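# Inside the fold
The residues making up each chain are set out below.
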Amino acid sequence: MKKIGIIGAGPAGLMTAILAKNENNEIYILERNSKIARKLKMTGGGRCNITNMSYDGDFLDKVVRNKKFVYSSYAKFNNYDLIDFLESEGIATIAEEDGRVFPKSQQSQSLIDFFYKKINDLGINLLTNTKVVDIKKNKKFIVKTDDHKFEFDSLVIATGGKSYPKTGSDGLGYDLCKKLGHHISKISPVLVPIFIKDKLNIKALSLKDVGLSLESDENSVYQVGDILINSDFITGPVVLRASSLIDNDKVNHIYIDFFTKYTYNELDDLLLDLINQNPKKSILNILKSIINDSLVGVIGQRLKIDKDLRASELSRDLRMLIIENLKKFELNFLKFGGYESAVVTRGGVDLSEINPSNMMSKKIDNLFFVGEILDIDSLTGGYNLQIYFSTAYACSQYIREKI
């Protein structure tokens, strides 16, 4: 009977294990934490954004790095295959308007409980609190932990990247890959919040359908979506997407459009109508009828607007400056968030050294890589997790059928 070792009990490692298991193999999962799927538990704010309903072309367009490599594994096990698989295992799913798919329970624990049950039912050996410290390849893979040595016929590395290191993803997997002769492309945190120099008098302001522009020396990015504004950083889906798409670490300009559905002229017309209807009101109170109070305070302070200035007294020049701030609210870039706040890691095992149809190393037979350890990353919205499951499926089917 063949012995298969899987390092890492995240979504990719767990899916590989339960799909690869058959009567001809014995599978061991080595996990450094006391529990499985610690990062999975956090996804989607604890609701677990499993995948996205986007159709094939649209879905793959959300893969930012190394999209072509994903074609083969995604074709074998796409988003609808995943949903059908989970439904067949008793995990009902729901989709939101933006296409994001969650367990119907709205709890990541549902998926974690499913993995625990399958591991137990299939007789898979799960060893927690087991940190791998070294790997060698002789006739077999020799895997050393702090207090034990294992020999495996095949080995799957599913250790994740460096994002959220407190969950155990501290980059150890990269060192293990290097010991086996594989190259690691430059890694960096992506899908991160953006820290700003401005000290805004704002705390956790959540807004929908805003436009966000990032401009660097090399390119510019514009995205529309939901945002969360704090005194010294911005985050939310639109920020995470934009941070992933910008090519330069140094952003020169950040602009927010609070009224994406209005042109400058339309917004000016709206403001003029409000002024004509309420000439004796202060202009700041009028603005509070269309935007959040805290933003009115910030804009008023920036433009040095007298709090008692009546709408009827507003000059055209000042009105134009108000419109400019509503459509092109500028923030001063400080830095991108680090690994501790990154959704995923960009970079990883060099894909030129991996067979995309089964995730096996081109350098060492029966050595496989799945999930975030690979040099693939996508936008937020369930796309990354789907790719982890797709690569796991491609790997597991080869192990199940060929080894």
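Whatever comes next refers back to the structure up there.
Residues numbered from 1 in each chain as written. Predicted model: local features only at pLDDT ≥ 70, side-chain atom pairs only at ≥ 80, totals over all residues. Heavy atoms only, no water.

### Examining the pairing of strand β14 (residues 205-216)
- Pairing analysis gives nine bridges linking β14 to strand β15 (residues 220-229), with the strands arranged antiparallel. Bridging across to β15, Leu-205 finds its partner in Ile-229.
- Judged from the six bridges that link them, β14 and strand β17 (residues 251-257) form a sheet pairing that is antiparallel. Across the sheet, the residue bridging to Leu-214 is Ile-254, located in β17. (Pairing = 2+ DSSP bridges. Helix = DSSP H or I, 4+ residues; strand = E, 2+ residues; numbered from the N terminus.)

### Some words on the sheet that holds β14
- The seven strands lie next to each other as β18-β17-β14-β15-β16-β13-β19, forming an open sheet whose pairing is antiparallel. Each edge of the open sheet is held by one strand with a lone partner, namely β18 (329-331) and β19 (333-336). Along the sheet, successive strands turn relative to each other by an average axial angle of 40 degrees, direction set aside.
- Running at roughly 80 degrees to β18, helix α11 (residues 293-302) makes contact with β14 and β18 of the sheet. (Axes fitted to C-alpha atoms, helices over the stretch in contact; angles between N-to-C directions. Contact = heavy atoms within 4.5 Å.)

### Quick notes on the nonpolar core
- Residues Ile-18, Leu-111, Phe-115, Ile-135, Phe-369 and Phe-389 are the most contacted members of the largest nonpolar core, which totals 77 residues.
- Here this core takes eight residues from helix α13 (residues 383-402), the largest share from any one element.
- When sequence neighbours within four positions are dropped, the list of residues in contact with Phe-115 reads Pro-11, Leu-14, Met-15, Ile-18, Ile-36, Leu-40 and Phe-389. (Core = buried A, V, L, I, M, F, W, Y, C linked by side-chain atoms within 4.5 Å. Buried < 20%, exposed > 50% of the residue type's maximum accessible area, 1.4 Å probe, protein only.)

### Observations concerning helix α4 (residues 67-76)
- Within α4 the residues assigned to the buried category are Phe-69, Val-70, Ser-73 and Tyr-74. Projection of α4 onto a plane perpendicular to its axis shows the buried side chains occupying an angular sector of 120 degrees, all on one side. Within α4, the exposed residues directed more than 90 degrees away from the buried face are Lys-68 and Ala-75.
- For α4, the elements touching its buried residues are α3 (56-61), β4 (63-65), α5 (79-88) and α13. (Arc of directions from axis to C-beta.)

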